[in-house]
Amino acid sequence: MDVYCFIQDALVCEAVLRGIYYLARCNEANQLKLGSAGAVGLIVAAMRMFFFKPHIVYYCCQCIAGLSFNNVVNADQFDEAEVADWLYKVLNMYMEHGEVVEAACHAIYALKDLNHRMSDLCKVS
């Protein structure tokens, strides 16, 4: 069964993302298992599909933070998926949505030391 079929519906997608976030948060073993099971690709696909739904973007950012905090393997996967560009777009588009901005900042913080693109993105001129 194709795991990406679950993200076709916004409510189901949000529930799956919420589950990934809670499983990965502060749990290194779950971070590794979810990362190797394809959660990174699922999160990126959900971000692309539902970029104009702030509640989905919020959970995508939370999942990025949860999976990549102190986890180089998952951070590298997010780097390959060019998540830094997506987070930059999130910050530009959702400045009026405080919770989405906060979640994007959590994702940036989780990736900042592990991802050269995030380090470049976070530089203040």
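Everything discussed here concerns the structure shown above.
The present account deals with the structure reproduced in this document. As the structure is a prediction and not an experimental result, all values here were calculated from the model.

Here we look at the packing of helix α1 (residues 10-24) against helix α4 (residues 54-68)
Now for step 1: It is at 9 Å that the axes of α1 and α4 come closest, and there the two elements cross at 25 degrees. Taken together, the axes of α1 and α4 lie roughly parallel to each other. Read as a crossing pair, α1 and α4 show a hand that is left-handed. Counting all contacts with α1, which are made through A10, C13, E14, L17, R18, I20, Y21 and A24, the residues of α4 involved are H55, I56, Y59, C60, Q62, C63, G66 and L67.
Now for step 2: Residue classes in the contact of α1 with α4 are distributed as eleven nonpolar, three polar and two charged.

Considering the packing of α4 against helix α5 (residues 72-80)
Now for step 1: Axis separation between α4 and α5 bottoms out at 7 Å; the angle between their running directions is 140 degrees. Of the possible angle classes, the one that applies to α4 and α5 is oblique. Counting all contacts with α4, which are made through I64, L67 and S68, the residues of α5 involved are N74, A75 and F78.

Brief notes about the packing of aromatic side chains
Now for step 1: In the structure shown here, the tally under the stated rule is six aromatic pairs.
Now for step 2: A centroid spacing of 6.1 Å and a plane angle of 65 degrees characterise the contact between F51 and Y94, whose relative ring orientation is edge-to-face. Taken together, the residues span a long stretch of sequence, with F51 in the loop between α3 (39-49) and α4 and Y94 in the loop between α6 (83-93) and α7 (98-111) at a distance of 43 residues.
Now for step 3: F51 gets classed as buried once you look at its relative accessible area, which sits at 7%.
Now for step 4: Among the residues examined, Y94 registers a relative accessible area of 3% and is labelled buried.
Now for step 5: Aromatic ring contacts, followed pair by pair, group F51, F52, W86 and Y94 into a single cluster.
Now for step 6: Above the ring of W86, the side-chain terminus of K89 is found at 4.7 Å from the ring centroid.

Description of the pattern of salt bridges
Pairing between side chains of opposite charge can happen when their charged atoms approach one another.
Now for step 1: Inspection of the entire model under this criterion finds one salt bridge.
Now for step 2: Where E14 meets R18, a salt bridge forms, and the shortest distance between an N and an O atom there is 2.8 Å. Here E14 pairs with R18, and both are found in helix α1, just four residues apart, close to one helical turn.
Now for step 3: On the basis of relative accessibility, which here comes to 30%, the residue R18 falls in the partly exposed class.

Cut-offs and rules
All chains use their own residue numbering, which begins from 1 and follows the written sequence. Owing to the predicted nature of the model, reporting of local features is limited to residues with pLDDT of at least 70; listing and counting of side-chain atom pairs is limited to 80 or more, with chain, interface and lining totals taken over all residues. For the side-chain quantities, the full set of heavy atoms in the structure was used; hydrogens and water were omitted. In this description, a line fitted to the C-alpha atoms serves as the axis of each element, helices being fitted only across the stretch in contact, and the angle between N-to-C directions of two axes falls anywhere from 0 to 180 degrees. A helix here means a DSSP run of H or I that spans at least four residues, while a strand means a run of E at least two residues long, and both kinds are numbered starting from the N terminus. Comment on the angle field: the value is read as roughly parallel under 35 degrees, roughly antiparallel over 145, roughly perpendicular from 65 to 115, and oblique elsewhere. By convention the crossing between two helices is left-handed if the near helix lies anticlockwise of the far one by an angle smaller than a right angle, and right-handed if it lies clockwise. We call two residues in contact when some of their heavy atoms are within 4.5 Å. Under the scheme applied here, ten amino acids are nonpolar (Ala, Val, Leu, Ile, Met, Phe, Trp, Tyr, Cys and Pro), four are charged (Asp, Glu, Lys and Arg), and all others, including Gly, are polar. Only the six-membered ring of Trp is used, alongside the rings of Phe and Tyr, when aromatic pairs are assigned; centres must lie within 6.5 Å, and planes under 30 degrees apart are stacked while those over 60 apart are edge-to-face, with the rest tilted. Between buried and exposed lies partly exposed: a residue is buried under 20% and exposed over 50% of the maximum accessible area for its type, with that area taken using a 1.4 Å probe on protein chains only. Geometrically, a charge over a ring is one whose NZ (Lys) or CZ (Arg) sits within 6 Å of the ring centre while staying within 35 degrees of the ring normal. Any carboxyl oxygen of Asp or Glu that lies within 4 Å of a side-chain nitrogen of Lys or Arg is treated as forming a salt bridge with it.

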